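# Observations on the model geometry
Take a look at the letters that make up each chain.
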Amino acid sequence: MAGHSKWKNIQGRKNAQDAKRGKIFQKLSREIYMAAKVGGADPATNAALRLVMDKAKAANMPNDNIDRAIKKASSTGENEHYDEITYEGYGPAGVAILVYALTDNRNRTGTNVRVAFTRNGGSLGETGSVSYMFDRKGYIAIERSGLSVDEDTMFENVLEAGAEDLETSEEVFEIYTAPEDFTAVRDVLEKDGYNLAQAELTMVPQTLVELEAEQQEQLQILIDKLEEDDDVSEVFTSADL
């Protein structure tokens, strides 16, 4: 994990995500619906539902929206069904791109994703073509402002909590966990009184690709086009933005 920082990418894209908040809520509602439909409406016994609820709350999604999606999944006679699909491809300079989608129409989503790639300097690959370049990780960020904890102490704390690694910058502590340990580590850190600025399961590239300014702009347009699609849930890249 050494040398990798998600925090600058998260901060750099925050304003753009704020502008798309309505669409983000729509996508999160779909994820909540599916998690509750498959695993039940109680987040205490449904880890997948709890994770997506945490994700929704981090996006400042109103509780009423969350409750409606759960109630909809619990209603009898509900016939909606969504498939989870992963698309893999390449962007400018060979940047690896993973696209996660939740769709009720595979043909529509596949066509839209392919068009987004081909019209914006990318190419859609075969299944398995880039997924091996990423690792599934739990990711937790704790901002250092106002904290009196030094790096050595934080490192001891996160290891005791069960984390795998800690990256430190002037602004933030970035903590990485195995996927199966994420919830436990997050809960321990919250219990210890840390305010978590970000906590999620994510895909971390094993190697980052540096881009020229023009390539970065082209890649950002491609990412924006993919994320504008109602069926696309998440987009991950190996770009060092």
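Residues numbered from 1 in each chain as written. Predicted model: local features only at pLDDT ≥ 70, side-chain atom pairs only at ≥ 80, totals over all residues. Heavy atoms only, no water.

With an unreviewed UniProt entry as reference, the protein chain is termed Probable transcriptional regulatory protein A5866_001949, source organism Candidatus Enterococcus lemimoniae. The record in UniProt for the protein chain states the following under Sequence similarities (unreviewed entry): "Belongs to the TACO1 family." In the Subcellular location (unreviewed entry) part of its UniProt record, the protein chain is described as follows: "Cytoplasm". (UniProt positions renumbered as here; feature names shortened; annotations may be inferred.)

## A look at the nonpolar core
In terms of nonpolar packing, the biggest core is built from 19 residues, with Ile32, Leu49, Met61 and Ile66 touching the most fellow members. Elements that contribute at least two residues to this core include exactly helix H3 (21-39), helix H4 (47-58) and helix H5 (63-74). Here this core gets seven residues from one element, more than from any other, and that element is H3. Setting aside residues up to four positions removed in sequence, Ile32 forms contacts with Leu49, Val52, Ala56, Met61, Ile66, Ala69 and Ile70. (Core = buried A, V, L, I, M, F, W, Y, C linked by side-chain atoms within 4.5 Å. Buried < 20%, exposed > 50% of the residue type's maximum accessible area, 1.4 Å probe, protein only. Helix = DSSP H or I, 4+ residues; strand = E, 2+ residues; numbered from the N terminus. Contact = heavy atoms within 4.5 Å.)

## Here's the deal with the layout of surface pockets
Looking at the second largest pocket, its volume works out to about 680 Å³. If you go around the second largest pocket, you meet 24 residues; those closest to its centre are Glu31, Val52, Glu84, Arg136 and Glu234. Every element with two or more residues in the lining of the second largest pocket is listed here: H3, H4, strand E1 (83-90), strand E2 (96-103), strand E7 (198-205) and strand E8 (232-237). For the lining of the second largest pocket, a count of residues per class yields 13 nonpolar, four polar and seven charged. (1 Å grid on protein atoms, 1.4 Å probe; cavity = no way out; pocket = protein on both sides within 12 Å on 5 of 7 lines; lining within 4 Å. Points joined across faces, edges and corners; volume = space filled by probe spheres on them. Nonpolar A, V, L, I, M, F, W, Y, C, P; charged D, E, K, R; others polar.)

## Topic: the sheet that holds E1
Within the open sheet, the four strands sit side by side as E3-E1-E2-E8. Their pairing is antiparallel. Where the open sheet ends on each side, the last strands, each with one partner, are strand E3 (123-124) and E8. Note that E1 and E2 share eight bridges and pair antiparallel. Bridged to Gly89 within E2 is Ile97. Relative to the sheet, helix H6 (residues 106-118) contacts E1, E2, E3 and E8, its axis offset from that of E1 by approximately 20°. (Pairing = 2+ DSSP bridges. Axes fitted to C-alpha atoms, helices over the stretch in contact; angles between N-to-C directions.)

## Quick notes on helix H9 (residues 213-228)
Between its first and last C-alpha atoms H9 spans 23 Å; for 16 residues at 1.5 Å apiece the expected length is 22 Å, and the two agree. Every buried residue of H9 is listed here: Leu219, Leu222, Ile223, Leu226 and Glu227. When H9 is viewed along its axis, its buried side chains cluster within an angular range of 130° and face the same direction. Seen from the buried face of H9, the exposed residues on the opposite side, beyond 90 degrees, are Ala213, Glu214 and Glu217. (Expected span 1.5 Å × (residues − 1). Arc of directions from axis to C-beta.)

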